[in-house]
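# Notes for the structure review
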Amino acid sequence: MNILILNLILSTSEKGVITRRRTNANTMIYNMARGFVALGHEVTLVAMDEFRPLEPEDNSFEVVYFKSSMPSLFKPDLLPKAKGLRKWLKRNTDRFDVVISSELFSLATLTAARVCPEKLLVWHELSVMQRALFKIPSRLWYHAVVPMFMRDVRVVARSTDARNFVCRFCRNVSHIIADHGSDPEVFYPGDDGDTRDAFIIVSQLVPRKNIGHIVDVFADFVCRPGYGHWQLDICGDGAEREALEKRVKEQGIEANVKFHGYCTHEQWAPLGRTAKGMLIDTLKDCNMVTVTECLSLGTPVLMNTVPSTATLVQETGAGIVDDGWTADHLERMATEYPAFRKAALAVAPTLTSTACAAKLLDSLTK
């Protein structure tokens, strides 16, 4: 099968600033593209030129980059408009058996719905209205544009929450849930005896990730008898790194916390594989691919209810989901680790990129 993927935004920006990387190999959608290829399919990925890598890539699939049209109005990191995409789709649609487009609220999805609706499959993540401009653009889109052009397109949600949301606007929503897949060559479980008394954070070090609160809770945790030797690995970089390093020093836990800086998947996966839990307390994120990646390692997750991915942890029992979690929750992660680990190992095989790609294709016939 020849598959076209429309995923214009390859990575999350911070305050409108797009960080170009040496390679996009670690992005979620590259992972999924490799999953389709592993299943024997040919893949073409369409993305915005602002995300073009700094160095040439040797991919097992084709990537086509489009320049932005009116970027001052259609922000490339929020709602990009790909210049010439409509014409390109009309010229190339016959090459593809299926067109998978990310999100209903997307100009690329709208374009595909007009050009090739019979081939379109929307892979939808959002479970709430976007907050920008008091939710007015989002409400107009879902209540006017979707009913007019996309009500009957096939939709597969990435979470139960996203499915419940999109069912309000579309009539052809699959019962299948297909989350972000992880690279099985990188994210796989280790042996039980290899674990360390450690937690891990994999995140941008920016205010919305609320890392400072996690550091404070961890400081309380290591003050408890029997837990003074536990470690916290922080993988990621960002504007708050210096302030967080200062916070760690003020808490007197420099010996317990290590800042690794920006890490590729290959760099942080071994740390996550041997940790006894990933810690998340984000203030805004809708979905977090690091959750599925961590569970693929057989590592439990402690998180709040903000991301839709929290449902996965709740339903599988592969960790703890609670808002305002404290050192008591960290102690539970430590003492109940064997049970959480067993649950993570049980769900891990369903979270690979090949498994998630197969779910998307299964939705075409079920």
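The structure displayed is predicted, hence computed values, not measured ones.

## A few points about the side chain of Thr311
Tracing the backbone shows Thr311 in helix α10 (residues 310–316). Residue classification places Thr311 among the buried residues on the basis of a relative accessible area of 13%. Leave out the neighbours within four places in its chain, and Thr311 touches Thr160 and Asp161.

## Some remarks on the pattern of salt bridges
All told, the structure shown has 19 salt bridges when counted by the stated rule. Between Glu331 and Arg224 there is a salt bridge; the shortest N-O distance is 2.7 Å. Placement of the pair is Glu331 in helix α11 (residues 327–335) and Arg224 in the loop between α6 (211–222) and β9 (231–235), with a sequence separation of 107 residues. Given the relative accessible area of 25%, Arg224 is considered partly exposed. Here Arg241 makes a salt bridge to Glu245, at a shortest N to O gap of 3.0 Å.

## A word on the sheet that holds strand β7 (residues 173–177)
One open sheet holds the seven strands; their spatial order is β3-β2-β1-β4-β5-β6-β7, and the pairing between them is parallel. The open sheet has two edge strands, β3 (62–66) and β7, and neither has a second partner. If you compare each strand with its neighbour and ignore which way they point, the axes differ by 25 degrees on average. For strand β6 (residues 154–157) and β7, the ladder comprises two bridges, and the chain directions are parallel. In the sheet register, Ala157 faces β7, and the bridge partner there is Ile177.

## Side note on the pairing of β3
Burial of β3 is extensive: four of the five residues sit out of reach of the surface. Relative to β3, strand β2 (residues 42–48) runs parallel, the two sharing five bridges. When the sheet's bridge partners are listed, Ala47 is paired in β3 with Tyr65.

Parameters at a glance
- Residues numbered from 1 in each chain as written.
- Predicted model: local features only at pLDDT ≥ 70, side-chain atom pairs only at ≥ 80, totals over all residues.
- Heavy atoms only, no water.
- Helix = DSSP H or I, 4+ residues; strand = E, 2+ residues; numbered from the N terminus.
- Buried < 20%, exposed > 50% of the residue type's maximum accessible area, 1.4 Å probe, protein only.
- Contact = heavy atoms within 4.5 Å.
- Salt bridge = Lys/Arg side-chain N within 4 Å of Asp/Glu carboxyl O.
- Pairing = 2+ DSSP bridges.
- Axes fitted to C-alpha atoms, helices over the stretch in contact; angles between N-to-C directions.

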